[in-house]
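Notes for the structure review
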Amino acid sequence: MKKNPDRTIIQGSDRATSLPGARVAGAVPADERFEVTVRVRRRTHLENLAARGIYADLAPAKRHYLTREEYAANYGADPADLAKVEAFAKAHGLVVVASSPARRSVFLSGTAANFAQAFGTTIEQYEHADGTYRGRIGTLTMPAELAPIVEGVFGIDNRPVAQPHFQRRRPSPGTEIQPQASPDGSFTPLDLAKLYDFPAGLDGSGQCVAIIELRGGYRTADIKAYFQKLGLAVPNVGVVRVDGGTNQPTTAEGADSEVMLDIEVVGAIAPKARIAVYFAPNTDKGFLDAVTMAIHDTTNKPSVISISWGGPESDWTGQAMTSFDQSLQAAAALGVTICCAAGDKGSGDGAADGKAHVDFPASSPFTLGCGGTRLTATGNSISREVVWNESTTSATGGGVSDFFPIPDYQRAVSVPPSANPGGRKGRGVPDVAGDADPATGYQVRVDGQEFVVGGTSAVAPLWAGLIALLTEKLGNPVGFLNPLLYGSVVGTGSFRDITSGSNGAYPAGSGWDACTGWGTPNGVKLLNALGG
């Protein structure tokens with residue numbers, strides 16, 4: 001397509017390659033219809049919120065969070081900016097489905113031909129071992145006058161962007177869910193809550209925990225059977241559909257294991273919390289729309305969001321990582337904690353180039369990155385806990401971001417240089433950890449089957465459940481926890497330091513490390529450190 005001097009490249013929109021192993025099967029039909037999300041700039045920089053203490057090492061009770069309505073009115077998109085994008089879209093034959101100042105998004109529908117012309121790209125159909133997808137290579141462009149307004153365009157390319165971070169272990173024949181730690185070394189979430197000394201007498205009342213899911217589903221009968229066997233009330237689970245996503249269970253071999261793991265861990269730790277499951281397509285648009293929907297949801301109003309999906313930073317466009325990061329920063333302003341799995345394939349994160357990679361969105365400085373351990377218990381006590389590392393395809397993620405700089409809250413710790421050539425200094429991942437090795441994993445029920453699952457996918461909802469308990473007790477949202485973890489919480493005994501093992505390129509050590517962060521929680525001491 002010819003260059004047009006009146007158009008400007010959308011920063012970070014470049015896609016250099018197709019999925020590995022994919023081949024072009026031909027042009028996408030010109031009349032194929034789909035939807036696209038256009039992200040628009042904020043009307044006011046969030047840095048103006050510094051005086052509220054939201055991003056500082058202040059106890060939750062001393063922070064002054066925004067309401068969702070205040071954020072939309074003062075820090076969302078300017079209606080005038082939204083109107084300019086809408087006018088541009090209509091001029092190119094696109095239909096404006098909706099606009100959201102809070103989510104800073106204009107949602108468009110149109111044909112492949114109209115989108116290709118509007119954003120200056122070529123759209124092709126790709127065949128891949130996992131199926132077909134609609135894709136593009138290169139950059140996207142916009143009229144120069146819209147360049148200061150538009151920060152990202154998502155949905156033209158609908159390749160899958162994330163993997164669920166769980167790993168299944170089949171138990172010995174006849175093994176069923178037990179109320180105490182199983183002889184095979186696995187645990188129920190209740191066992192882990194005791195081992196990690198989660199505060200007693202709390203149940204998550206008054207809280208809502210959001211869970212992001214990009215495939216799969218749950219069966220109500222399984223939820224009832226699981227919690228009845230554990231002697232717990234059945235949690236209140238609701239579905240929020242995003243971009244056509246829905247609760248669609250298939251088999252335990254697929255993403256159903258992720259969905260049920262997340263629900264069962266959160267529901268066991270915080271049984272009276274409402275659980276809102278946001279189902280969306282596994283695309284950059286679907287993932288981003290689900291996250292912004294959950295953050296700005298004025299109906300469910302989650303205080304914590306659990307995300308167990310992700311992929312190497314190298315698989316993402318710059319515009320996607322920037323838009324996600326800005327959305328997660330908005331969550332911090334609202335007092336919403338984001339718990340993200342750090343990945344299950346060691347320091348390489350499953351990338352095929354032999355380099356070290358961290359998993360995104362856990363690498364965003366505004367997430368609580370959750371790494372994994374291998375835990376051995378004797379009775380009600382932890383006898384040994386080390387970095388989870390069984391192989392290059394079964395180990396906790398962690399390392400140094402190639403995209404995000406070191407955040408201010410990490411400057412006091414020794415984030416190592418990247419293991420890649422050049423030794424870049426960037427955001428260190430993870431921040432915290434929990435039991436994740438499938439060999440010492442979580443007893444779950446999925447699609448009528450009972451078995452054991454591990455992975456950092458289990459650690460994100462474990463921490464989300466704990467944060468729901470802390471918020472219940474504190475009476476104020478925990479919110480952006482990271483500045484406290486690297487500040488006033490240090491030295492309070494709130495963590496069990498994991499000093500043995502590595503995830504490949506990065507070894508464990510005293511204090512924070514790029515395998516397990518600060519370590520695994522002591523819930524009571526963490527509550528006290530936060531002012532409870």
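The structure under discussion appears in the preceding block.
First things first, this report covers the structure right here in the doc. If you're wondering where the values come from, they're calculated on a predicted model, not measured in any experiment.

**Topic: the sheet that holds strand S16 (residues 309-312)**
Strands sit in the order S10-S16-S18 across an open sheet of three strands; the sheet is antiparallel. Strand pairing shows two members of the sheet lacking a second neighbour, strand S10 (163-164) and strand S18 (359-360), which therefore form its edges. Where S10 lies against S16, two bridges are found, and the strand directions are antiparallel. When the sheet's bridge partners are listed, Gln163 is paired in S16 with Gly310.

**Focus: helix H8 (residues 318-334)**
A rise of 1.5 Å per residue sets the reference length of H8, with its 17 residues, at 24 Å; its end C-alpha atoms lie 25 Å apart and thus fit the reference within 8%. With 16 of 17 residues buried, H8 lies mostly within the body of the structure. In the stretch just after H8, Gly335 is the one whose phi turns positive, near 80°.

**Comments concerning the side chain of Thr520**
Its location among the elements puts Thr520 in strand S29 (residues 520-521). Here the side chain of Thr520 touches Glu385 through a polar contact of 3.0 Å, side chain to side chain. Non-local contacts of Thr520, meaning those with residues more than four positions away in its chain, are made with Tyr196, Thr373, Glu385, Ala433, Gly434, Ser494, Phe495, Arg496 and Ile498.

**Things to note about the pattern of salt bridges**
Counted under the stated rule, the structure contains 20 salt bridges. A salt bridge links Lys272 to Asp203; its shortest N-O distance comes to 3.9 Å. In this pair, Lys272 sits in the loop between helix H6 (256-269) and strand S14 (274-279) while Asp203 sits in the loop between helix H4 (189-195) and strand S12 (208-213), placing the two residues 69 residues apart along the sequence. For Lys272, a relative accessible area of 49% corresponds to the partly exposed category.

**Re the packing of aromatic side chains**
Tallied over the full model, the rule gives 21 aromatic pairs. Note on Tyr196 and Phe198: the rings are 6.5 Å apart at their centroids and 25° apart in plane angle, and the pair reads as stacked. By the burial criterion, Tyr196 is buried, and Phe198 matches it. Where Trp316 meets Phe324, the ring centres are 5.5 Å apart and the plane angle is 75°; that geometry is what we call edge-to-face.

**A short note on the layout of surface pockets**
Taken as a whole, the largest pocket holds about 1200 Å³ of empty space. Of the residues in the lining of the largest pocket, the class split is 13 nonpolar, 16 polar and 11 charged. Looking at the second largest pocket, it is lined by 23 residues, and the ones nearest its centre are Glu47, Tyr55, Asp325, Gln329 and Phe366. For the lining of the second largest pocket, the element with the most residues is H8, which contributes three residues. Residue composition of the lining of the second largest pocket, grouped by class: 11 nonpolar, four polar and eight charged.

**Here's the deal with the pairing of strand S7 (residues 131-135)**
In the sheet, strand S6 (residues 124-128) pairs with S7 via five bridges, with the strands oriented antiparallel. Within the sheet, the bridge partner assigned to Glu124 lies in S7 and is Gly135. Hairpin geometry of S6 and S7 is characterised by an intervening segment of two residues between the two adjacent antiparallel strands.

**A few points about the environment of Trp388**
By secondary structure assignment, the location of Trp388 is in the loop between strand S20 (381-387) and strand S21 (389-391). Judged by its relative accessible area of 0%, Trp388 falls in the buried class. Spatially, the C-alpha atoms of Trp388 and Pro148 are 45 Å apart, while their sequence positions differ by 240 residues.

**Quick notes on the sheet that holds strand S26 (residues 442-446)**
One key point about sheets: their strands pair by backbone hydrogen bonds, in either a parallel or an antiparallel sense. Strand order across the open sheet formed by three strands is S11-S27-S26, with antiparallel pairing between neighbours. Two strands bound the open sheet, and with one partner strand each, they are strand S11 (167-169) and S26. Taken over all neighbouring pairs, the strand axes of this sheet differ in orientation by 50° on average, direction set aside. Here S11 runs beside strand S27 (residues 449-454); their pairing, made up of three bridges, is antiparallel.

**Focus: helix H7 (residues 284-295)**
Its 12 residues place the ends of H7 17 Å apart at the C-alpha level, agreeing with the 16 Å of an ideal helix rising 1.5 Å per residue. The buried fraction of H7 amounts to 11 of the 12 residues, a majority that puts the element mostly inside the structure.

**Focus on the environment of Asn74**
Relative to the helices and strands, Asn74 is located in helix H1 (residues 68-75). Ignoring sequence-local partners within four residues, the contact set of Asn74 consists of Arg43 and Thr44.

**As for the pairing of strand S5 (residues 105-111)**
Most of S5 is tucked away, with seven of its seven residues classed as buried. Both faces of S5 are covered, namely the face carrying Ser105, Phe107, Ser109 and Thr111 and the face carrying Val106, Leu108 and Gly110. Sheet topology places strand S3 (residues 33-40) next to S5; seven bridges connect them, and they run antiparallel. From the neighbouring strand, Thr37 faces S5, where its bridge partner is Phe107. The hairpin turn running from strand S4 (residues 95-100) into S5, its antiparallel successor, is four residues long, and Arg104 in that turn takes a positive phi close to 50°.

Reading guide: rules and limits
- Residues numbered from 1 in each chain as written.
- Predicted model: local features only at pLDDT ≥ 70, side-chain atom pairs only at ≥ 80, totals over all residues.
- Heavy atoms only, no water.
- Pairing = 2+ DSSP bridges.
- Helix = DSSP H or I, 4+ residues; strand = E, 2+ residues; numbered from the N terminus.
- Expected span 1.5 Å × (residues − 1).
- Buried < 20%, exposed > 50% of the residue type's maximum accessible area, 1.4 Å probe, protein only.
- Polar contact = N/O pair within 3.5 Å; in protein donor to acceptor, adjacent residues only side chain to side chain.
- Contact = heavy atoms within 4.5 Å.
- Salt bridge = Lys/Arg side-chain N within 4 Å of Asp/Glu carboxyl O.
- Phe/Tyr/Trp six-rings, centres within 6.5 Å; stacked < 30°, edge-to-face > 60°.
- 1 Å grid on protein atoms, 1.4 Å probe; cavity = no way out; pocket = protein on both sides within 12 Å on 5 of 7 lines; lining within 4 Å.
- Points joined across faces, edges and corners; volume = space filled by probe spheres on them.
- Nonpolar A, V, L, I, M, F, W, Y, C, P; charged D, E, K, R; others polar.
- Axes fitted to C-alpha atoms, helices over the stretch in contact; angles between N-to-C directions.

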